[in-house]
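# Observations on the model geometry
What follows is each chain in one-letter form.
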Amino acid sequence: VQLQASGGGLVQAGGSLRLSCVASGSIDSIKVMAWYRQAPGNQRELVAIITSGGKPTYADIVKGRFTISRDNAKNTVDLQMNSLKPEDTAVYYCNAGAWSRGSSYKSYWGQGTQVTVSS
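Quantities reported herein were computed from a predicted structural model and do not represent experimental measurements. Along each chain, residues carry numbers from 1 onward, in the same order as the chain's sequence is written. Local features are withheld for residues below a pLDDT of 70 in this predicted model, meaning they are given only at 70 or higher, and side-chain atom pairs are given and counted only at 80 or more; totals for whole chains, interfaces and linings count all residues. Only hydrogens and water are set aside when side-chain values are computed; all heavy atoms of the structure are taken into account.

### Section: the state of the cysteines
Cysteine sulfur pairs qualify as disulfides if the two atoms are within 2.5 Å. All chains considered together, the criterion is met by 1 disulfide. Each sulfur in the disulfide pair Cys21 and Cys94 lies 2.1 Å from the other. Note on the Cys21 and Cys94 pair: the S-S dihedral is about -85 degrees, so by sign convention the disulfide is left-handed. Taken as a pair, Cys21 in strand S3 (residues 17-24) and Cys94 in strand S9 (residues 90-100) lie far apart in primary sequence, 73 residues in all. Numbering of helices and strands runs from the N terminus; a helix is a DSSP stretch of H or I covering at least four residues, while a strand is a stretch of E covering at least two.

Set out below in structure tokens:
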């Protein structure tokens, strides 16, 4: 399973960005999809996660500003980020928990996309 993320960039504080991620490969089923982020010097942290049934969960620091959504038919997950703050600056990673053909349940990671919010 491969994850390809896109949509990062540079934005001013208060602005918006939309991240997208598509999963491809020998996928049987994707249970959860999520976005994590990692700022320099910090550990990778969960931003938002969504189940196959569409139930989202958010980190407290992004609640009310970020929205995660997924399209099960297309194996995609998006993250709409509004009211961005400089502290949202990080590399954002797409993650999926999935069963692939001939393999047990595993966690897969995308390559990361940089989000920079200027003050």
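### Side note on the packing of aromatic side chains
How two aromatic rings sit relative to each other is set out by the distance from centre to centre and by the angle between their planes. Centres within 6.5 Å are what make two rings of Phe, Tyr or Trp a pair, Trp counting through its six-membered ring; a difference in plane orientation under 30 degrees is then read as stacked, over 60 as edge-to-face, and the rest as tilted. For the coordinates displayed, the defined rule picks out 3 aromatic pairs. Taking 6.5 Å as the distance between ring centres and 85 degrees as the angle between the ring planes, the aromatic pair formed by Tyr93 and Trp109 counts as edge-to-face. Taken together, the residues span a long stretch of sequence, with Tyr93 in strand S9 and Trp109 in strand S10 (residues 105-109) at a distance of 16 residues. The buried label applies to any residue whose accessible area, calculated with a 1.4 Å probe on protein chains only, is under 20% of its type's maximum; exposed applies above 50%, and partly exposed to all values in between. The class of Tyr93 is buried, set by a relative accessible area of 15%. Using a relative accessible area of 37% as the deciding quantity, one classes Trp109 as partly exposed. Following the ring pairs from residue to residue traces out a cluster consisting of Tyr36, Tyr93 and Trp109. A positively charged side chain is recorded as over a ring if its NZ (Lys) or CZ (Arg) lies within 6 Å of the ring centre. The angle to the ring normal must also be within 35 degrees. In this arrangement the basic side chain of Lys31 is found over the ring face of Tyr105, its NZ or CZ atom lying 6.0 Å from the centre. Above the ring of Tyr93, the side-chain terminus of Arg44 is found at 3.7 Å from the ring centroid.

### Let's talk about the pairing of strand S11 (residues 113-118)
Residues Thr113, Val115 and Val117 line the buried face of S11, whereas the alternating positions Gln114, Thr116 and Ser118 sit on a face that is not buried. Two strands pair if DSSP finds at least two bridges between them. The sheet contact formed by S9 and S11 spans 3 bridges and is antiparallel. Across the sheet, the residue bridging to Ala90 is Val115, located in S11.

### A word on the environment of Val11
Along the polypeptide, Val11 turns up in strand S2 (residues 9-12). Taking the C-alpha atoms as reference points, Val11 and Asn95, 84 residues apart in sequence, are found 23 Å from one another. In this description, contact between two residues means that some pair of their heavy atoms is separated by no more than 4.5 Å. In this view, Val11 contacts Ser16, Leu17, Leu84, Thr116, Val117 and Ser118; residues no more than four positions away in its chain are not counted.

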